[in-house]
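What the coordinates show
The lines below spell out each chain.
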Amino acid sequence: MTEQDYYEEIIIAGFGGQGIIMLGKLLANAAMIDGLEVTYFPSYGAEVRGGTANCMVVISNEPIASPLVTSFDSVIVLNKASCERFSPRLKPGGLLLYNSSKIGSVIPPVDAEVLAIPSDDIAVELGSPRSTNMVAIGAYLQKRGVIPLETAVKCLEKVLAKRHHKTIPINEKALYKGAEFAKGLLAGQTVK
Amino acid sequence: MQKVFERTPSIKECHTHYCPGCGHGIVHRLVAETIDELGIHDRTIGIAPVGCAVLAYNYMDVDMVEVPHGRAPAVATGIKRVLPGNIVFSYQGDGDLASIGAAEILHATHRAENLTVIFVNNAVYGMTGGQMAPTTLNDQVTSTSPQGRTVKHDGYPLQVSEILAVLPGSIYIERCSVYNPAQVRKTKKAIQKAFQLQIDGAEGLSLVEVLSPCPTYWRKSPVQAMKWIEQEMTKVFPLGCIKDTTL
Amino acid sequence: MSEKILMCGNEALSEAAIIAGVDAYFGYPITPQNEVPAYMARRMPQEGRVFLQSESELAAINMVFGAAAAGKLAMTSSSSPGISLMQEGISYMCAAQMPAVVVNVMRGGPGLGNISPSQGDYFQATRGGGHGDYRTIVLAPGSVQEMADLTHKAFELADLYRIVVMVLADGLLGQMMEPITLDHLKPIKTKAKPWALTGAKGRKQNIIKTLLLQGNELEVLNLKLQEVYRQIGDEQTRYDTYQVEDADIILVAYGITSKITRAAVSKARQKGIKAGWVRPITLWPFPSKVLTELAKEPRIFLAVEMSNGQMVEDVRLAVGGGGPVLFYGRAGGAVPTVDEVLEHIEKIMLPEVMKKA
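In this convention, every chain numbers its residues from 1, walking through the sequence in written order. Just so you know, chain letters begin at A and ligand numbers begin at 1, following the order they were written in. Where totals are concerned, whole chains, interfaces and linings use all residues; where local detail is concerned, this predicted model gives features only for residues with pLDDT of at least 70, and gives and counts side-chain atom pairs only at 80 or more. Side-chain measures here rest on the full set of heavy atoms in the structure, leaving out hydrogens and waters.

1. Digging into the overall build of chain A
As a reminder of what qualifies: Numbering of helices and strands starts at the N terminus; helices are DSSP runs of H or I of at least 4 residues and strands are runs of E of at least 2. Each radius of gyration reported is based on C-alpha atoms, and the globular scaling rule is 2.2 Å times the count of residues to the power 0.38. Exposure is judged per residue with a 1.4 Å probe applied to protein chains only, and the accessible area is read against the type maximum: over 50% gives exposed, under 20% gives buried, and values in between give partly exposed. Residue burial considers only the protein chains on display, and all accessible areas are found by Shrake-Rupley using a 1.4 Å probe. Only four residue types enter the tally: Lys and Arg on the positive side, Asp and Glu on the negative side, with His and both chain ends excluded. Charge coordinates come from a single atom per side chain, which is NZ of Lys, CZ of Arg, CG of Asp or CD of Glu.
The helix and strand tally for chain A stands at six helices and six strands. Each helix and strand of chain A, ordered N terminal to C terminal, gives the series β-α-β-β-β-α-β-β-α-α-α-α. A compact globule built from 192 residues would reach a C-alpha radius of gyration of about 16 Å, and chain A, at 15 Å, matches this within 12%. With the principal axes as the frame, chain A shows a C-alpha extent of 40 × 35 × 35 Å. Expressed as a percentage of its 192 residues, the buried residues of chain A come to 54%. As displayed, chain A has an accessible area near 8500 Å², and 54% of this comes from carbon and sulfur atoms. Distance between charge centroids for chain A: 9 Å, based on 19 positive and 19 negative side chains.

The structure is reproduced here in structure tokens:
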């Protein structure tokens with residue numbers, strides 16, 4: 001982490017059951033362990049009934065004013081409905097990371113970086129379809145380079161309920177796989 | 001000379017504010033005698049309602065709290081849950097228990113709270129000046145049913161004890177009265193049992209409903225009032241044990 | 001070093017209550033505070049203490065009344081509509097001088113409103129809320145850390161002054177997670193309670209009552225309560241300030257809004273506007289003195305709230321004729337953004353800056 005000002009407003013969204021909330025908590029915990037200021041805010045109440053889930057994470061090296069965010073530096077979306085809902089609220093120069101296994105090509109309304117990660121497919125290949133969220137977060141961490149992958153891995157134990165602890169090794173694998181995929185994409189971009 | 005009767009220690013030596021012919025004095029005495037006879041004075045906590053018995057703590061010499069109208073079973077729950085070794089009873093009238101506190105008594109019963117409830121039913125609001133209660137009989141004249149209560153306008157008298165008896169959380173419910181000495185003795189027995197069950201740690205709520213006279217707002221003499229309980233009130237509120245799971 | 005943990009406000013306040021030594025929690029479900037009863041349902045039995053879900057908020061506050069009357073530390077939590085239902089019990093408890101903690105995680109109103117964060121219950125909280133001439137201490141946490149710290153403090157104050165203490169939060173503070181520490185919190189030292197109902201063993205009967213019919217005994221109680229309130233005002237008024245010394249405009253905000261306005265003040269400073277910030281931590285007693293002092297210099301005051309203007313009335317009372325008191329608010333569950341507040345500051349101050357130039 002550099003000493004200069006860092007302020008990132010992130011939304012993570014998808015279907016209920018895609019591990020969205022867990023993903024947000026993982027990112028928030030990792031940021032905390034990394035010594036950053038962080039807030040996490042879940043969608044709740046009536047909003048969670050529609051089958052979609054989202055959460056907002058703000059990461060900064062300064063105290064954070066509000067956990068409630070209206071436009072985003074990073075949009076991480078795992079299904080189409082969420083992509084349609086939140087990608088219009090990207091800030092110019094922001095990052096759109098989407099699950100390309102479920103979402104066709106996306107043209108963000110503003111000048112933004114786009115990372116298409118076939119996270120469902122990668123997770124299926126690993127034999128753990130439910131780890132699609134881990135693939136996405138791995139790709140995100142790789143792209144941002146703010147929080148080390150190992151820090152996120154360390155937090156899996158914290159954010160997963162004890163009964164799911166047996167899935168930690170496969171989730172760790174999925175996270176690194178996502179990072180690797182993003183690395184490849186980014187390298188390709190540089191060449192281009 | 002042989003002493004055949006004396007004031008039980010848990011009743012204070014004082015005048016009460018109750019009207020001549022009121023039944024509260026008798027019921028207070030029965031509760032206090034029970035507390036003394038069972039030897040639980042040192043660990044009993046009573047709850048006074050809003051209604052004529054609001055000043056019950058001035059007459060009964062045990063720890064007591066006076067609570068918002070109808071909420072006695074909720075307060076009793078709070079006390080009993082933090083002091084499970086104490087004996088907690090609520091003393092409530094029909095306006096307090098059957099009307100504004102219907103939810104609280106229903107749910108305290110539903111939760112099977114180990115509590116004792118003394119429910120004094122005189123079919124009228126006394127403290128506020130003789131208004132209609134949910135337990136007011138059909139045709140009974142009150143200040144808010146001046147032509148007499150009608151089913152068409154106000155529905156039927158509410159039989160709370162029967163309702164509570166349906167719930168598995170009630171273990172003992174008996175309806176008694178104080179209209180003659182024999183009934184007073186029966187009432188005493190019921191009250192004793194309701195306290196004994198709590199002492200034994202029985203899992204559930206015990207309630208004794210006492211049909212009690214209000215000569216003032218029934219516009220009757222004390223003697224006529226006692227007769228009216230026997231002849232009219234017991235038709236709607238039949239006496240006897242409604243539920244006893246200990247048998 | 002104390003370990004940081006990531007917790008949401010509702011859970012943080014729950015754990016802080018447990019650390020403080022709460023003996024009993026009673027509550028009824030309502031969003032956005034459902035994490036509190038869920039947390040308590042799990043943790044209180046682990047500690048051998050009482051958790052009970054009541055049939056209504058009316059019952060919950062009266063269960064708290066019962067537990068408090070028995071000399072125990074008791075609490076409940078709810079959100080705006082539920083807190084309205086509890087006002088009866090709070091009035092009785094304040095009359096009977098029962099210590100207890102009530103948490104209000106405010107939501108949008110009036111009526112059933114919505115489940116979004118709001119600060120619409122300020123009047124209700126700071127003016128007693130129920131019938132009769134009484135007050136509750138009102139603490140306004142401004143972060144998840146303070147959800148824990150001020151809930152812990154609430155038990156201390158409740159026990160010390162025999163009063164109901166309300167922790168006035170909102171849906172945002174309740175739901176959001178931040179890194180916090182709890183290591184510094186310890187069980188509170190409670191006062192002896194010779195008045196508690198425990199059974200009259202070896203002593204005279206204890207009576208807890210609020211019906212006072214004889215002569216002027218009710219006035220005597222009222223005067224006694226007022227004396228306690230004066231003492232609390234002297235001893236417990238709390239607030240926080242930021243860059244007020246040279247400020248031309250002072251923002252006044254509490255709770256989550258104070259976080260947002262503080263950031264706006266920083267941004268305004270970067271733009272050359274001399275902005276400052278006062279955050280009441282106790283809403284009752286309200287920190288009037290600091291505002292009265294600040295108003296001795298020519299300054300503009302701007303109250304920012306998630307309501308249509310409630311705390312601003314206390315700011316006006318404190319400032320008196322000392323300077324203009326303006327208001328900016330969002331209501332019905334809307335949350336002001338830093339930029340919105342900044343824009344508002346600029347709208348007020350740019351003409352002022354022009355005038356001075």
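2. Considering the pairing of strand β2 (residues 37-42) of chain A
Sheet faces and side chains relate simply in a regular strand, where the side chains alternate between the two faces. All names here are of chain A. The cut-off we apply is this: Note on pairing: DSSP must find at least two bridges between two strands before they are called paired.
Most of β2 sits out of view: five of its six residues are buried. Sheet topology note: the β2/strand β3 (residues 52-60) ladder contains six bridges and is antiparallel. Counted as the bridge partner of Glu37 is Ser60 from β3.

3. Here we look at the pattern of salt bridges
When charged atoms on two side chains of opposite charge get close, those side chains can pair. Residues and elements named next belong to chain C. Condition: For this analysis, a salt bridge means a side-chain nitrogen from Lys or Arg found within 4 Å of a carboxyl oxygen belonging to Asp or Glu.
Summed over all chains, the structure comprises 36 salt bridges over all chains. Notably, a salt bridge pairs Arg49 with Glu47, separated by 3.7 Å at the nearest N-O pair. In this structure Glu47 comes out as partly exposed when scored by relative accessible area, which is 37%. Note that Asp159 and Lys193 form a salt bridge whose closest N and O atoms lie 2.6 Å from each other. Placement of Asp159 in helix α6 (residues 144-161) and of Lys193 in the loop between β8 (177-180) and β9 (207-208) is noted, with a sequence separation of 34 residues between them. Lys193 matches Asp159 in its accessibility class, with the two residues each being buried.

4. What to know about the interface of chain C and chain A
Cut-off, in case you're wondering: Contact definition: two residues touch when any of their heavy atoms are within 4.5 Å. A 1.4 Å probe defines the accessible area here, and the buried area is the portion of it lost by two parts on being joined, summed over both. Contacts described as polar in this section are N or O atom pairs within 3.5 Å, which, within protein, must combine one atom able to donate a hydrogen with one able to accept it, while residues neighboring in sequence count only if both atoms come from side chains.
Between chain C and chain A, the contact holds 22 residues from the first and 18 residues from the second. Contact between chain C and chain A buries roughly 1500 Å² in total, counting both sides, with carbon and sulfur atoms accounting for 73%. Considering only the surface of chain C that becomes buried against chain A, Leu6, Gln175 and Met177 of chain C emerge as the three largest contributors, covering 34% of it. Across the chain C-chain A interface, the total number found is zero salt bridges. Along the contact surface separating chain C from chain A lie two residue pairs in polar contact (both at pLDDT 80 or more). Broken down by secondary-structure element, the contributors of at least two residues to the side of chain C that touches chain A are β1 (5-8), α7 (171-175), β8 and α9 (256-270) of chain C.

5. Concerning the state of the cysteines
All names here are of chain B. Stated formally: Pairs of cysteine sulfur atoms within 2.5 Å are identified as disulfides in what follows.
Throughout the structure, instances matching the rule amount to zero disulfides over all chains. There is no disulfide at Cys19, and the cysteine sulfur nearest it, in Cys214, is 6.4 Å away. By relative accessible area, Cys19 is classed as partly exposed at 36%. Unpaired in terms of disulfides, Cys241 finds its nearest cysteine sulfur in Cys176, a separation of 8.8 Å.

6. Examining the packing of aromatic side chains
Keep this limit in mind: Here a pair means two rings of Phe, Tyr or Trp (six-membered ring of Trp) with centres within 6.5 Å. Their orientation is stacked below 30 degrees between planes, edge-to-face above 60, and tilted elsewhere. Two thresholds decide whether a charge sits over a ring: the Lys NZ or Arg CZ must be within 6 Å of the ring centre and within 35 degrees of the ring normal.
On inspection of all chains with the given rule, the structure shows eight aromatic pairs over all chains. Between Phe72 of chain A and Phe86 of chain A, the aromatic rings sit 6.0 Å apart at their centres with planes inclined by 80 degrees, giving edge-to-face as the arrangement. Highlighted residues: Phe72 of chain A in strand β4 (residues 72-77) and Phe86 of chain A in helix α2 (residues 80-86), separated in sequence by 14 residues. Owing to a relative accessible area of 0%, Phe72 of chain A belongs among the buried residues under this scheme. When its relative accessible area of 3% is taken as the criterion, Phe86 of chain A is described as buried. Ring geometry for Tyr229 of chain C versus Trp284 of chain C: centroids 5.6 Å apart, planes at 80 degrees, classification edge-to-face. Of this pair, Tyr229 of chain C sits in helix α8 (residues 217-236) while Trp284 of chain C is found in strand β13 (residues 282-284), placing the two residues 55 residues apart along the sequence. The exposure class of Trp284 of chain C is buried, given its relative accessible area of 12%. For the cation-ring pair, Arg262 of chain C lies above Trp277 of chain C, with the distance from its terminal atom to the ring centre recorded as 5.4 Å.

7. Comments concerning the pairing of strand β3 (residues 50-53) of chain C
Residue and element names in this part refer to chain C. Operational definition: Call a crossover right-handed when, viewed with both strands pointing away from you, the route from the first strand across the helix to the second goes clockwise.
Here β3 shows a buried face lined by Val50 and Leu52 and an unburied face lined by Phe51 and Gln53. Where strand β2 (residues 24-27) lies against β3, four bridges are found, and the strand directions are parallel. Counterpart to Tyr25 in the pairing with β3 is Phe51. A crossover connection joins β2 to the parallel β3 through helix α2 (residues 35-46); in handedness this β-α-β unit is right-handed.

8. Quick look at the sheet that holds strand β15 (residues 325-329) of chain C
Residue and element names in this part refer to chain C. Threshold: Here an axis means a line fitted to C-alpha atoms, over the contact stretch when the element is a helix, while the angle between two N-to-C directions is reported on a 0 to 180 degree scale.
With respect to topology, five strands assemble into an open sheet ordered β10-β12-β11-β14-β15, the strand pairing being mixed. For this open sheet the edge positions go to β10 (239-242) and β15, each flanked by a neighbour on one side alone. Averaged over all neighbouring strand pairs, the angle between strand axes comes to 20 degrees, with direction disregarded. Sheet topology note: the strand β11 (residues 249-252)/strand β12 (residues 275-280) ladder contains four bridges and is parallel. Among the inter-strand pairings, Ile249 is bridged to a residue of β12, identified as Ala275. Its contacts with the sheet place helix α11 (residues 311-319) against β11, β12, β14 (300-305) and β15, and it is angled at close to 160 degrees to β14.

9. Things to note about the nonpolar core
To keep it simple, the criterion reads: Joining through side-chain atoms within 4.5 Å is the link that ties buried Ala, Val, Leu, Ile, Met, Phe, Trp, Tyr and Cys residues into a set, and such a set is a nonpolar core. Either an automatic procedure or a domain database provided the assignment from which the domain bounds are taken.
Core analysis: the largest hydrophobic core is formed by 176 residues, its most contacted members being Phe65, Met75, Ile249, Phe301, Val315 and Ile345 of chain C. Both of domain 1 (5-236) and domain 2 (241-356) of chain C provide at least three residues apiece to this core.

10. Quick word on the arrangement of the chains
Among the two pairs of chains in contact, the pair with the most contacts is chains B and C. Of all C-alpha pairs spanning chain A and chain B, none lies closer than 27 Å, and the two are not in contact.

11. Quick word on the sheet that holds strand β7 (residues 164-170) of chain C
Residues and elements named next belong to chain C. Strand order in the open sheet formed by seven strands is β3-β2-β4-β5-β7-β6-β13, and the pairing between neighbours is mixed. Of all the strands in the sheet, the pair left with one neighbour each is β3 and β13. Each neighbouring strand pair of the sheet contributes to a mean axis angle of 20 degrees, computed without reference to strand direction.

12. Considering the packing of helix α2 (residues 72-82) of chain B against helix α3 (residues 57-69) of chain C
The line we're drawing: Oblique is the label for any angle not under 35 degrees, not over 145, and not in the 65 to 115 range, which are roughly parallel, roughly antiparallel and roughly perpendicular in turn. Crossing handedness follows the turn of the near helix against the far one: under a right angle anticlockwise gives a left-handed crossing, and clockwise gives a right-handed one. Side-chain classes are defined by residue name, with Ala, Val, Leu, Ile, Met, Phe, Trp, Tyr, Cys and Pro counting as nonpolar, Asp, Glu, Lys and Arg as charged, and the others, Gly among them, as polar.
At a minimum axis separation of 6 Å, α2 of chain B and α3 of chain C run at an interaxial angle of 45 degrees. When the interaxial angle is binned, α2 of chain B and α3 of chain C end up oblique. The two elements α2 of chain B and α3 of chain C meet at a crossing, and its hand is right-handed. From α2 of chain B, Ala74, Val75, Thr77, Gly78, Ile79 and Val82 of chain B reach across to α3 of chain C, where they touch Ala59, Asn62, Met63, Phe65, Gly66 and Ala67 of chain C. Tallied by class, the residues present in the contact of α2 of chain B with α3 of chain C amount to eight nonpolar, four polar and no charged.

13. Some words on the packing of helix α1 (residues 20-33) of chain A against helix α5 (residues 149-159) of chain A
Residue and element names in this part refer to chain A. For the pair α1 and α5, the least separation of the axes is 8 Å and the interaxial angle reads 120 degrees. Taken together, α1 and α5 sit at an angle that is classed as oblique. Along this stretch, α1 crosses α5, giving a crossing that reads as right-handed. When α1 is examined against α5, the residues Met22, Lys25, Leu26, Asn29, Ala30, Met32 and Ile33 are found in contact with a partner set consisting of Thr151, Ala152, Cys155, Leu156, Lys158 and Val159. Across the contact of α1 with α5, the residue classes tally to nine nonpolar, two polar and two charged.

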